[in-house]
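# Understanding the architecture of this molecule
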Amino acid sequence: GESKSKRGALFKAFAFKAAAGTHKGRLGQRQTGDTYRFSYLSSSNERLTALVDDDEEATKAAADRLLTLPIGKDRDHGAFDFLPEQYVSSSAFAASLTKAVSKHHGTAGQAYLQALVNEHAKSPKRLRRQIEHLMARFRELAGVDQNNGSAIRVADAFGLVYAAGKLAVGYGVLPSGVDCEEAALACYRQHIQGAQPTQPFAERLK
C-alpha cells in the first residue's frame with residue numbers, strides 16, 4: 001500500500017543491509033560490531049524489482065543482491081526442467097522431495113560442515129583458494145564479462161553455490177552423479193533471462 005518511491009526506498013535499504021552482513025556505520029553512533037551471513041528465499045507473483053519499477057543505478061545494484069528465478073507459464077513442469085518417469089505431475093514430484101527432505105533433514109548438512117571444518121583446520125588458505133578457483137571456473141562457464149562489476153557480483157552468487165556443490169561431491173556428501181555445474185548454470189540462466197532490463201512506460205507505449 002506504500003507509494004512507489006517509498007517501496008523503492010524500503011526495497012533498496014533491505015537489499016543492501018541484508019547483503020552487507022554488517023550494520024552501516026554512521027557518524028556519532030556506537031558501532032556494535034555485529035555481523036551476519038544468511039541466505040533467504042521468497043516466493044512472489046512479481047519480481048521484487050518490478051514492484052519498484054524505476055531505472056536508478058541504486059535499484060539495479062539492489063537487484064544484484066536479490067536474485068530472481070522466474071517460473072513462467074511456458075514451463076511445462078513449473079520449477080522443474082523435467083520429471084522422473086515415475087511421477088505423473090510436478091506436485092507429486094515436489095511432495096516426494098518434501099518427504100525426503102523431512103526424513104533426512106540435517107543429515108547431509110552436518111557431514112558437510114564437519115568436512116569443511118576438517119579442511120579448514122588443515123589449511124585455511126588452501127580451502128579459500130579452492131573455493132575462489134571454483135567460483136572463477138563458474139564465471140568462465142557462464143561467459144561473464146570480467147570488466148562488469150554487476151555481472152561478476154551476480155555470477156559469484158551462483159558460483160558460490162556451484163563451489164559448495166563441487167566440494168560436497170568431493171567430500172562424498174553428495175552422490176558423484178550430481179551435476180553441480182549444469183544445475184548452477186541452469187539457475188543462473190533462468191535469472192539472467194528474467195532480469196532483462198524493462199523499458200520505461202513511455203518507451204513501451206511508443
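Here the structure is a predicted model, which is why all the values come from computation and not from measurement.

Bringing the overall build of the chain into the picture now. Of the regular secondary structure elements, the chain holds 9 helices and 0 strands. Ordered by position from N to C terminus, the α and β elements of the chain give α-α-α-α-α-α-α-α-α. Split into buried and exposed, the 206 residues of the chain put 22% on the buried side. The contacts of the chain with a sequence gap of at least 6 include a subset with a gap of at least 24, amounting to 58%. Working note: accessible area of the chain is about 15000 Å², and carbon and sulfur atoms make up 54% of it.

A word on the nonpolar core. Counting 19 residues, the largest nonpolar core has F138, Y162, L167 and Y188 as its most contacted members. For this core, the secondary-structure elements that each account for two or more residues are helix 5 (107–122), helix 6 (124–142), helix 7 (149–170) and helix 8 (180–194). Residue contributions to this core peak at 8 residues, all from helix 7. If sequence neighbours within four positions are ignored, L167 has contacts with Y112, L116, L127, Q130, I131 and L134.

Here we come to the pattern of salt bridges. Opposite charge on two side chains permits pairing when their charged atoms draw close. Scanning all chains against the criterion turns up 5 salt bridges. Of the charged contacts in the structure, one is a salt bridge between R75 and D81, with a shortest N-O distance of 2.8 Å. Among the salt bridges present, the one from R137 reaches E140, with a minimum N-O distance of 3.9 Å. Placement of both R137 and E140 in helix 6 is noted, with a separation of 3 residues, approximately one turn of the helix.

Looking now at the packing of aromatic side chains. What characterises a pair of aromatic rings is the spacing of the ring centres plus the angle enclosed by the ring planes. One pass over the full model with this rule turns up 6 aromatic pairs. For the ring pair F80 and F93, a centre distance of 4.7 Å and an interplane angle of 50° mean the geometry is tilted. With F80 in the loop between helix 3 (57–63) and helix 4 (90–104) and F93 in helix 4, this residue pair connects regions lying 13 residues apart in the sequence. What makes F93 buried here is its relative accessible area of 14%. In textbook terms, an aromatic cluster arises when at least three aromatic residues are bridged by ring pairs, as seen for F138, F158, Y162 and Y188.

So, about helix 1 (residues 4–20). Over its 17 residues, helix 1 runs 24 Å from end to end, which matches the ideal 24 Å to within 8%, given 1.5 Å per residue. Of all the residues in helix 1, the buried ones are G8, F11, K12, A15 and A18. Relative to the axis of helix 1, the buried residues are bounded by an arc of 145° and lie together on one face. Directly after helix 1, the chain includes G21, whose backbone phi takes a positive value near 85°.

On to the environment of V161, then. One can find V161 in helix 7. When the C-alpha positions of V161 and A183 are compared, they lie 9.7 Å apart, and in sequence the two are 22 residues distant.

The subject of this paragraph is the packing of helix 6 against helix 8. At a minimum axis separation of 11 Å, helix 6 and helix 8 run at an interaxial angle of 60°. The orientation of helix 6 relative to helix 8 falls into the category oblique. Helix-helix and strand crossings are classified by hand; for helix 6 and helix 8 the assignment is right-handed. Facing R137, F138, L141 and A142 of helix 6, the residues of helix 8 in contact are E181, A184, L185 and Y188. Split into classes, the residues belonging to the contact of helix 6 with helix 8 amount to 6 nonpolar, no polar and 2 charged.

Conventions we followed
- Residues numbered from 1 in each chain as written.
- Predicted model: local features only at pLDDT ≥ 70, side-chain atom pairs only at ≥ 80, totals over all residues.
- Heavy atoms only, no water.
- Helix = DSSP H or I, 4+ residues; strand = E, 2+ residues; numbered from the N terminus.
- Buried < 20%, exposed > 50% of the residue type's maximum accessible area, 1.4 Å probe, protein only.
- Contact = heavy atoms within 4.5 Å.
- Areas by Shrake-Rupley, 256 points an atom, 1.4 Å probe, with all protein chains shown as cover.
- Core = buried A, V, L, I, M, F, W, Y, C linked by side-chain atoms within 4.5 Å.
- Salt bridge = Lys/Arg side-chain N within 4 Å of Asp/Glu carboxyl O.
- Phe/Tyr/Trp six-rings, centres within 6.5 Å; stacked < 30°, edge-to-face > 60°.
- Expected span 1.5 Å × (residues − 1).
- Arc of directions from axis to C-beta.
- Axes fitted to C-alpha atoms, helices over the stretch in contact; angles between N-to-C directions.
- Parallel < 35°, antiparallel > 145°, perpendicular 65-115°, else oblique.
- Left-handed = near helix turned anticlockwise from the far one by under 90°.
- Nonpolar A, V, L, I, M, F, W, Y, C, P; charged D, E, K, R; others polar.

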